[in-house]
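Descriptive analysis of the structure
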Amino acid sequence: LMMVFTGSLLFIFAPSMVRLFSKDMAVIALCSTVLRMVACSEPFFGVSNVLEGILQGAGDTRFSFAVNIIAIWTVRILGTYIFTRLLGFGLEAAWGCMIAHNMTTFLCYTIYYRKGKWAHPITEGAE
């Protein structure tokens, strides 16, 4: 709920926040768009962080590690390179890849959490 609230504030007041840093109308328009994009993904980012913490706290660190490494290197880094360097898209595409990374981790953690395997981790050497 906190992430919905703060994301809503970010969405509503994006232009005002950007004006604190720049008076250039083109910068204000572009940054407001990006901030609003990010604001819509905030609740999913928050849930992803909570679920990651639950999994790690339960001792299931391998899944979190794998999801983060794969998602960062494929969706965020490779995606940003492809969209900005190869396809020539701008700032919105770069931030879109970051949001896509957050959504990917959200989906992976949510599905894995709901399956419940994390609640009964396999412990090496346990009898």
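The rules we used
Residues numbered from 1 in each chain as written. Predicted model: local features only at pLDDT ≥ 70, side-chain atom pairs only at ≥ 80, totals over all residues. Heavy atoms only, no water. Phe/Tyr/Trp six-rings, centres within 6.5 Å; stacked < 30°, edge-to-face > 60°. Helix = DSSP H or I, 4+ residues; strand = E, 2+ residues; numbered from the N terminus. Lys NZ or Arg CZ within 6 Å of the ring centre and 35° of its normal. Core = buried A, V, L, I, M, F, W, Y, C linked by side-chain atoms within 4.5 Å. Buried < 20%, exposed > 50% of the residue type's maximum accessible area, 1.4 Å probe, protein only. Contact = heavy atoms within 4.5 Å. Disulfide = S-S within 2.5 Å. Axes fitted to C-alpha atoms, helices over the stretch in contact; angles between N-to-C directions. Parallel < 35°, antiparallel > 145°, perpendicular 65-115°, else oblique. Left-handed = near helix turned anticlockwise from the far one by under 90°. Nonpolar A, V, L, I, M, F, W, Y, C, P; charged D, E, K, R; others polar.

So, on to the packing of aromatic side chains. Per the stated rule, a full pass over the model turns up 5 aromatic pairs. Where Phe63 meets Tyr112, the ring centres are 3.7 Å apart and the plane angle is 10 degrees; that geometry is what we call stacked. Here Phe63 is found in helix H4 (residues 61–86), whereas its partner Tyr112 is found in helix H5 (residues 91–115), with 49 residues between them in sequence. Each residue in the set Phe63, Tyr109 and Tyr112 is aromatic and connected to the rest through ring pairs, giving one cluster. Its end group placed over the ring of Phe11, Arg36 keeps NZ or CZ at 5.3 Å from the ring centre.

One finds Leu51, Leu55, Val67, Tyr109, Tyr112 and Trp118 forming the largest nonpolar core, which totals 6 residues. Contributions of two or more residues to this core are made by helix H3 (25–57) and H5. Aside from chain neighbours lying at most four places away, what touches Leu55 is Asp60, Phe63, Ser64, Tyr109, Tyr112 and Trp118.

Our next topic: the state of the cysteines. Following the criterion strictly, the structure yields 0 disulfides and no others. Here Cys31 stays unpaired: no disulfide links it, and the sulfur of Cys40, its closest cysteine neighbor, is 16 Å away. Among the residues examined, Cys31 registers a relative accessible area of 27% and is labelled partly exposed.

Further remarks concern the environment of Thr80. Along the chain, the position of Thr80 falls in helix H4. Along the primary structure Thr80 and Gly59 are separated by 21 residues, whereas in three dimensions their C-alpha atoms are 32 Å apart. If we ignore the near neighbours within four places in the chain, the residues touching Thr80 are Val75, Arg85, Ala94 and Cys97.

This part covers the packing of H4 against H5. It is at 9 Å that the axes of H4 and H5 come closest, and there the two elements cross at 155 degrees. Classified by the interaxial angle, the pair formed by H4 and H5 is roughly antiparallel. As H4 packs across H5, the resulting crossing turns out to be right-handed. Within the contact between the two elements, H4 uses Phe63, Ser64, Val67, Asn68, Ala71, Ile72, Val75, Arg76, Gly79, Thr80, Phe83 and Thr84 and H5 uses Ala93, Ala94, Cys97, Met98, Ala100, His101, Asn102, Thr104, Thr105, Cys108, Tyr109 and Tyr112. When the residues that make up the contact of H4 with H5 are grouped by side-chain class, the tally is 14 nonpolar, 9 polar and 1 charged.

Viewed as axis vectors pointing N to C, H3 and H4 meet at an angle of 140 degrees, and their least axial separation amounts to 7 Å. Here H3 lies oblique to H4, going by the angle between them. Of H4, the residues touching H3 (which contributes Glu52, Leu55 and Gln56) are Thr61, Phe63, Ser64 and Asn68. Its residues assigned to classes, the contact of H3 with H4 comprises 2 nonpolar, 4 polar and 1 charged.

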